[in-house]
Amino acid sequence: MRSLIRPAIQSLLLSDLEKELHPAYRAQQVADWLYRQRVPSFEAMTNLPQQLRTKLTEKFAFEQFEQVRVLGSKDTTQKFLWRLRDGNLVESVLIPASPALYGTRSDRRTICVSTQVGCAYGCKFCASGLEGWTRNLHASEIVQQLIAAESASGENIDNVVFMGMGEPLANFDNLMRAIAIINAPWGLGIGARHITISTSGLAPQIRQLAQNPLQVRLAVSLHGATDEVRERIMPVNRKYNVATLLDACDYYATRKKQRITFEYILINGMNDSDEQARELAKHCARVGAKVNLIPYNTVHGLEWSRPPRVRQERFHSILSDRHIDATLRREKGHDIDAACGQLRLQTVRSDRAAVADSISAS
Ligand code: SF4
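Residues numbered from 1 in each chain as written. Predicted model: local features only at pLDDT ≥ 70, side-chain atom pairs only at ≥ 80, totals over all residues. Heavy atoms only, no water.

Caption draft 1: Fine view of the pairing of strand 10 (residues 261–266). Counting buried residues in strand 10 gives six out of six residues, a clear majority hidden from the surface. Of the two faces of strand 10, both are covered, the one formed by Thr261, Glu263 and Ile265 as well as the one formed by Phe262, Tyr264 and Leu266. By the bridge criterion, six bridges tie strand 10 to strand 11 (residues 290–295) in an arrangement that is parallel. Each bridged residue has a counterpart across the sheet, and for Phe262 the counterpart in strand 11 is Val291. (Buried < 20%, exposed > 50% of the residue type's maximum accessible area, 1.4 Å probe, protein only. Helix = DSSP H or I, 4+ residues; strand = E, 2+ residues; numbered from the N terminus. Pairing = 2+ DSSP bridges.)

Right, dumping it as structure tokens:
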């Protein structure tokens, strides 16, 4: 495995590049090569003097992924598995018609981006938490998921959701740096309102995010309306309980003058009761949030199941009757394991199985 001692050039902001490069217009030239021309190396930046290209090569790494697997087709949800420079695997999911809640048109392309290798939060419904946390992604590795997915699919991405592997707010600094690059006119130029951060509910970081002037959207994974139920699904609730989380959401919504989305995965017999729906309605009314109801997506190795459609609709109607804006989704990509972390997990396990096979055969 190669080392990551040198930072990748794609982790730098334009202001960082301007400090590195003289005269300063060279910074804009480098940004053009990276984010407009999308060249694969410093050597391809042909309007830079050779001496400068050599200096950049010595000082910085050039972020590039190896595409390990792709599932799905252009007209459906596509799921990509990338190998990073240090050999770790991350995945990104490209979704053709975006969910209505993210305020996008049906012709837009949404990418679901990972922010960590693995995840420490261990939500019980999620494949990413099954194998624990390995490391944070660098800003360059977050940004490169968009560039690599556009290149592999031939599609233009105009909507970004940080909802892949990892807890985005646990990698706060790299996340904010990546968002700055994704949002900047010199970078990928995607508007802040088309960028959504989805968190498992890290209350202090939600407050920290509220201080940031960028109008990115916030989605909070609730998945349980009381501490008793939420704790069984999301261990993070022991650290930041429902009351603490709602206080932080209220602060964010008030300060940003923005509507939060609560994500709520409906799990059969776990969190889909009438009582949970009524409690959820109260929380939404308090924070002014809308709700995205997601029928549970089966994960290999986990026992839970999705409620029957009639129960899903009953839960939805309890919210609607209380004038809560709630969407009942049909999970896209169900057939290709689009839930976060599943593709990586399968590949890591099959890699291990292959290694185990080869050891036992030798
Ligand atoms: S849902 Fe998100 S925070 Fe929870 S374990 Fe999965 S990746 Fe981590």
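More follows now that the structure is in view.
Caption draft 2: Focus on helix 5 (residues 172–183). Between the first and last C-alpha of helix 5 there are 16 Å, a value that for 12 residues agrees with the 16 Å anticipated at 1.5 Å per step. Among the residues of helix 5, those classed as buried are Phe172, Leu175, Met176, Ala178, Ile179, Ile181 and Ile182. In this structure, the buried side of helix 5 is in contact with helix 2 (25–37), helix 4 (139–153), strand 7 (159–162), strand 8 (195–199) and helix 6 (203–210). (Expected span 1.5 Å × (residues − 1). Contact = heavy atoms within 4.5 Å.)

Caption draft 3: Spotlight on helix 2. Taking 1.5 Å of rise per residue, 13 residues should cover 18 Å, and helix 2 covers 17 Å from first to last C-alpha, within 8% of that figure. Listed as buried for helix 2 are Arg26, Ala27, Gln29, Val30, Ala31, Trp33, Leu34 and Tyr35. Those residues of helix 2 hidden inside the fold are in contact with helix 1 (14–20), helix 3 (50–59), helix 4 and helix 5. In the stretch just after helix 2, Arg38 is the one whose phi turns positive, near 55 degrees.

Caption draft 4: Inspection of the environment of Arg309 at higher detail. Residue placement: Arg309 occurs in helix 10 (residues 309–321). Arg309 gets classed as partly exposed once you look at its relative accessible area, which sits at 29%. For the pair Arg309 and Pro295, spaced 14 residues apart in the sequence, the C-alpha separation amounts to 8.8 Å. Setting aside anything within four residues of it in sequence, one finds Arg309 in contact with Pro295, Leu328, Arg329 and Arg330. Here Gln312 takes part through its side chain, which lies 2.8 Å from a polar atom of the side chain of Arg309. (Polar contact = N/O pair within 3.5 Å; in protein donor to acceptor, adjacent residues only side chain to side chain.)

Caption draft 5: Main features of the packing of helix 9 (residues 274–287) against helix 10. Relative to each other, helix 9 and helix 10 sit at 35 degrees, their axes nearing to 9 Å. For the pair helix 9 and helix 10, the crossing hand works out as right-handed. Seen from helix 9, the contacting residues are Asp274, Gln276, Ala277, Arg278, Leu280 and Ala281; seen from helix 10, they are Arg311, Arg314, Phe315, Ile318 and Leu319. (Axes fitted to C-alpha atoms, helices over the stretch in contact; angles between N-to-C directions. Left-handed = near helix turned anticlockwise from the far one by under 90°.)

Caption draft 6: Layout of the pairing of strand 2 (residues 78–83). Extensive coverage of strand 2 is indicated by the burial of five of its six residues. Of the strand pairs in this sheet, strand 1 (residues 66–71) and strand 2 are connected by five bridges, and their pairing is antiparallel. Bridge pairing in strand 2 links Glu66 to Arg83. Where strand 2 hands over to strand 3 (residues 89–95), the hairpin turn is made up of five residues, of which Gly87 adopts a positive phi near 95 degrees.

Caption draft 7: Representation of the environment of Gly301 in the model. Within the secondary structure, Gly301 sits in the loop between strand 11 and helix 10. The spatial distance from the C-alpha of Gly301 to the C-alpha of Ala127 is 8.7 Å, given a sequence separation of 174 residues.

Caption draft 8: Focus on the packing of aromatic side chains. A complete count under the given rule lists six aromatic pairs for this structure. Relative to Trp82, the ring of Phe80 has its centre 5.1 Å away and its plane inclined at 10 degrees; by these criteria the two rings are stacked. For the pair formed by Phe80 and Trp82, the shared burial category is buried. Ring plane angle 35 degrees and centroid distance 5.2 Å describe the contact between Tyr264 and Phe315, whose orientation is recorded as tilted. (Phe/Tyr/Trp six-rings, centres within 6.5 Å; stacked < 30°, edge-to-face > 60°.)

Caption draft 9: Here's a closer look at the site of the ligand. Residues in close proximity to the ligand include Cys119, Tyr121, Gly122, Cys123, Phe125, Cys126, Ser128, Gly129, Gly166 and Ser200, which together make up its full environment. Considered class by class, the residues forming the shell around the ligand number five nonpolar, five polar and no charged. (Near = heavy atom within 4 Å. Nonpolar A, V, L, I, M, F, W, Y, C, P; charged D, E, K, R; others polar.)

Caption draft 10: Focus on the layout of surface pockets. A volume near 220 Å³ is recorded for the largest pocket. Lining the largest pocket we find 17 residues, and of these Gln64, Gln144, Ile147, Ala148 and Ser151 sit closest to its centre. For the lining of the largest pocket, the elements supplying multiple residues, two or more each, are strand 1 and helix 4. Here the lining of the largest pocket gets five residues from one element, more than from any other, and that element is helix 4. Of the residues belonging to the lining of the largest pocket, the class tally is nine nonpolar, five polar and three charged. When residues are assigned to domains, the lining of the largest pocket turns out to be shared by domain 1 (2–59) and domain 2 (66–351), each giving three or more. (1 Å grid on protein atoms, 1.4 Å probe; cavity = no way out; pocket = protein on both sides within 12 Å on 5 of 7 lines; lining within 4 Å. Points joined across faces, edges and corners; volume = space filled by probe spheres on them. Domains from an automatic or database assignment.)

Take it as geometry only, folks, not as evidence of what the structure does.
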